[in-house]
There are 2 protein chains.
Amino acid sequence: MVITPLLMIINEKLVQPRFIAAEIEREADEIDDNENPVIILGFGRFGQIVGRLLIANGCRPTLLEHDPSQIDLLRRFGWKVFYGDASRLDLLHAAGAEQARLLVIAIDEPEKTLQIVDLVHKHFPHLKILARASDRRHAYELIRRGVEVVERETFSSALDMGVEALKLLGVRSYKAHRAGRIFKFHDVQALQEMAEARGDESVLLARSHQLAKDLEQLLQSDDRELTQEVDRAWDISALRKDA
Amino acid sequence: MVITPLLMIINEKLVQPRFIAAEIEREADEIDDNENPVIILGFGRFGQIVGRLLIANGCRPTLLEHDPSQIDLLRRFGWKVFYGDASRLDLLHAAGAEQARLLVIAIDEPEKTLQIVDLVHKHFPHLKILARASDRRHAYELIRRGVEVVERETFSSALDMGVEALKLLGVRSYKAHRAGRIFKFHDVQALQEMAEARGDESVLLARSHQLAKDLEQLLQSDDRELTQEVDRAWDISALRKDA
């Protein structure tokens, strides 16, 4: 199937970018040559950070973006980005979804993200999906669909700010960071649990309060063993994954 | 000055919330009784995480929110939240800005955030400000205004997703986390530098490319000394802050 209009922006690699001011329409087969292990859908402020971290670590992703004004800006910064609607099956084929290992959905349209997840599960079941969630409710939907990695888009920055607030209030840096890590560990577990519960609001509310109580007790407890245990559990599970 | 309409939602503390379905209008003086060290403006998905982390660590913040529908939801979850426009000087007074130590601006209106920063610098110069930035450009504006802590709202979640992507690609957990930490350290430094540069776009572009090159070399370098040095520098500066 012909991908049209497909605007391809060509440039050199990030290190020494130079761009050719040409818009080339290409057919799907030619894009298939691009056999990158990661495809990033949406290259705005979210996708760019994911992409830059990967590139800085030697992994070149295939980038898709559907906002023309964003494309223009990226072009001036020397990025190689494909223009197109990320929810189109033909475009996913063309981007190399059959060969890729990971799909990062970093668009800022929650409903479209869910559609893409369903589309990808149906047509590219081997692809591991990492999805940007707008909020808690959106995260539930993504978790229920079995998405491998779900990141609520403002969660970690808010948590980082909370850690900085604790430090400004006089909490020692290490302790503040540990509190943030315990909070995240606990909150992500609660998110998973509540996504699976599918209860009505009153059930969710009751559970939510219990979880908040658990967390407060955990963090405020003088019993250092307890926090250290969670700390260790986190580290050990991370090490296990490595092993 | 009378604060009206000021909807105060009363409840018990987070641990065992029960709420009274009453809307009480209060005058500024009564709210002044609330002498919390932290005021949070905006209690949506961002402010809630900051607030929950503080509360879980024994610090009770004063919460302001201006979205009535959000207020209703928070109320069902047992939160004590003041309703009002965070950019109103009288409301800041009423919220205890004179006694507080930290102001967290977690609203999702970039322009209004800048206005509040200016207002607070003028009227409450002792207050340390932690501000949510919508994007890089907004972050520049906040840094140039001398805001103590600036967190780009999707940066850290995107970075976390990048770290997870590296892990799914086979990078060991510790190495992936370290790569994320180095990336953040480097990017925040670059943000600071470019905020101060105030150059035209071509200068920023050239500098941006140089910084990307530096980072890539840093992360891809086989010279472990280099990365370990940055790693150490980060740890040491964190320790110094503690000392």
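Since the structure is predicted, the reported quantities are computational estimates derived from the model, not experimental observations. (Residues numbered from 1 in each chain as written. Chains lettered and ligands numbered in written order. Predicted model: local features only at pLDDT ≥ 70, side-chain atom pairs only at ≥ 80, totals over all residues. Heavy atoms only, no water.)

A. Highlighting the pairing of strand β2 (residues 62-65) of chain A. All names here are of chain A. Here β2 shows two buried faces, one formed by Thr62 and Leu64 and the other by Leu63 and Glu65. Bridge analysis of β2 against strand β3 (residues 82-83) gives two bridges, and the strand direction is parallel. When the sheet's bridge partners are listed, Leu64 is paired in β3 with Phe82. Tracing the backbone out of β2, into helix α3 (residues 68-76) and back to the parallel element β3 gives a crossover that is right-handed. (Buried < 20%, exposed > 50% of the residue type's maximum accessible area, 1.4 Å probe, protein only. Helix = DSSP H or I, 4+ residues; strand = E, 2+ residues; numbered from the N terminus. Pairing = 2+ DSSP bridges. Right-handed = clockwise from strand over helix to strand, strands pointing away.)

B. Highlighting the interface of chain A and chain B. Contacts between chain A and chain B engage 70 residues on the former and 70 residues on the latter. At the boundary of chain A with chain B, total buried surface from both sides reaches about 6600 Å², with 66% on carbon and sulfur atoms. Linking chain A to chain B there are six salt bridges. Residue Arg52(B) pairs with Asp187(A) through a salt bridge whose shortest N-O separation is 2.7 Å. Class assignment for the residues of the side of chain A that touches chain B results in 37 nonpolar, 13 polar and 20 charged. (Contact = heavy atoms within 4.5 Å. Buried area = accessible area lost by both parts, 1.4 Å probe. Salt bridge = Lys/Arg side-chain N within 4 Å of Asp/Glu carboxyl O. Nonpolar A, V, L, I, M, F, W, Y, C, P; charged D, E, K, R; others polar.)

C. The arrangement of the confidence of the model for chain A in detail. Residue and element names in this part refer to chain A. Mean pLDDT over chain A: 77, with 71% of residues reaching 70 or higher. Contacts of residues 1-33 to residues separated by more than four positions or lying in other chains number 78 contacts, the stretch itself having pLDDT below 50. Below a pLDDT of 50 lies the segment residues 222-243, which in the model reaches 22 contacts outside its immediate sequence neighbourhood of four places, other chains included. (pLDDT = per-residue confidence, 0-100.)

D. Region of interest: the sheet that holds strand β6 (residues 149-152) of chain B. A sheet is described by the order of its strands in space; here six strands give the open sequence β3-β2-β1-β4-β5-β6 (chain B), paired in parallel fashion. The open sheet is flanked by β3 (82-83) and β6 of chain B, the only strands paired with a single partner.

E. Region of the structure containing the relation of the copies chain A and chain B. At an RMSD of 0.0 Å, chain A and chain B line up after a rotation of 180° and a shift of 0.0 Å along the axis. Here the copies are linked by what is in effect a two-fold axis. Taken together, the interface assignments show that 100% of the residues at the interface of chain A recur at the interface of chain B, consistent with an identical surface on both copies. (Least-squares fit on C-alpha atoms with pLDDT ≥ 70 in both.)

F. Representation of the domain arrangement of chain A. Residue and element names in this part refer to chain A. What the domain assignment lists for chain A is domain 1 (28-153) and domain 2 (157-242). Listed by partner, the interface residues are seven residues for domain 1 and nine residues for domain 2. Here domain 1 meets domain 2 over a buried area of about 830 Å², counting both sides, of which 53% is carbon and sulfur. Together, Tyr140, Ile143 and Arg144 form the three largest contributors to the area buried by domain 1 at its contact with domain 2, with a combined 59%. For the pair domain 1 and domain 2, the interface holds three salt bridges. (Domains from an automatic or database assignment.)

G. Here's a closer look at the pattern of salt bridges. Residue and element names in this part refer to chain B. Here the structure, examined in full by the defined rule, presents 26 salt bridges over all chains. The partner of Glu141 in a salt bridge is Arg144, and the shortest N-O contact between them spans 3.5 Å. Of the two residues, Glu141 and Arg144 both sit in helix α6 (residues 136-144), three residues apart, roughly one turn of that helix. On the basis of relative accessible area, Glu141 is assigned to the partly exposed category, the value being 31%. Classification of Arg144 as partly exposed rests on a relative accessible area of 31%.

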